[in-house]
Amino acid sequence: MTREELVKAVWEEQHRQHGLVRRKHHGGKDPPHGPHGHRPPARQEHLLHVLKQNPSINQKDFAEKVHVRPQSLGEMLTKMEENGLIVRKKDPADGRAILVDLTPAGEEAEQAHHAKVVKDIEARYAALTDDELTEYLRLTQKINETLEGQLDPE
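Summarised in this report is the structure supplied together with it. (Residues numbered from 1 in each chain as written. Predicted model: local features only at pLDDT ≥ 70, side-chain atom pairs only at ≥ 80, totals over all residues. Heavy atoms only, no water.)

### With respect to the packing of aromatic side chains
1) Next: Taken as a whole and assessed by the stated rule, the structure comprises one aromatic pair.
2) Next: Centre to centre, the rings of Tyr 125 and Tyr 136 are 6.2 Å apart; their planes meet at 50 degrees, and the pair counts as tilted. Highlighted residues: Tyr 125 in the loop between α5 (104-124) and α6 (130-151) and Tyr 136 in helix α6, separated in sequence by eleven residues.
3) Next: Residue classification places Tyr 125 among the buried positions, given a relative accessible area of 5%.
4) Next: Overall, Tyr 136 belongs to the partly exposed group, its relative accessible area being 32%. (Phe/Tyr/Trp six-rings, centres within 6.5 Å; stacked < 30°, edge-to-face > 60°. Helix = DSSP H or I, 4+ residues; strand = E, 2+ residues; numbered from the N terminus. Buried < 20%, exposed > 50% of the residue type's maximum accessible area, 1.4 Å probe, protein only.)

Now the structure itself:
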């Protein structure tokens with residue numbers, strides 16, 4: 001595994017761990033929407049990233065995935081559409097549903113943000129050697145497996 005792949009894997013495991021801890025504190029379910037420390041509104045860069053990972057996503061499913069009210073997401077998407085970053089279209093399978101996709105400009109913006117995030121992540125772990133980072137990844141994965149077991153006891 002290259003250093004870049006290792007750093008990315010550690011980051012993804014930490015992000016996964018954060019979500020698992022939040023779910024554990026909410027009885028195994030995704031935390032509710034709203035104020036008082038609950039998930040903050042999605043930022044545009046995050047929305048672009050989620051769209052890259054989920055092309056042609058249903059707008060309702062998209063709102064659930066980013067943990068915002070559908071109305072709030074609609075407002076954010078309108079701004080993004082006005083800026084040429086996304087396009088919305090009716091779902092051919094369900095005329096009432098709206099599908100959301102990135103435009104080429106949206107893909108470019110997502111790639112630029114992703115490059116910045118990767119650079120920031122690499123700087124965060126610069127103090128660790130590859131061996132230390134590998135061990136950190138192994139330990140983080142082990143903690144995540146324990147957390148998952150606590151959420152979904154078998």
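Anyway, onward from the coordinates.
### Let's talk about the sheet that holds strand β1 (residues 57-58)
Across a sheet, strands are paired by hydrogen bonds formed along the backbone, either parallel or antiparallel in direction.
1) Next: Pairing is antiparallel in the open sheet, where three strands are placed in the order β1-β3-β2. The sheet is open, and its two edges are formed by β1 and β2 (86-91), each paired on a single side.
2) Next: Taken together, the six bridges between β2 and strand β3 (residues 94-102) define a ladder with antiparallel strand orientation. Across the sheet, residue Lys 90 finds its bridge partner in β3, namely Ile 98. (Pairing = 2+ DSSP bridges.)

### Here's the deal with the side chain of Asp 101
1) Next: Secondary-structure assignment places Asp 101 in strand β3.
2) Next: Relative accessible area serves as the criterion here: at 13%, Asp 101 is assigned to the buried category.
3) Next: Within the structure, Asp 101 has its side chain in polar contact with the side chain of Lys 89 (distance 3.0 Å). (Polar contact = N/O pair within 3.5 Å; in protein donor to acceptor, adjacent residues only side chain to side chain.)

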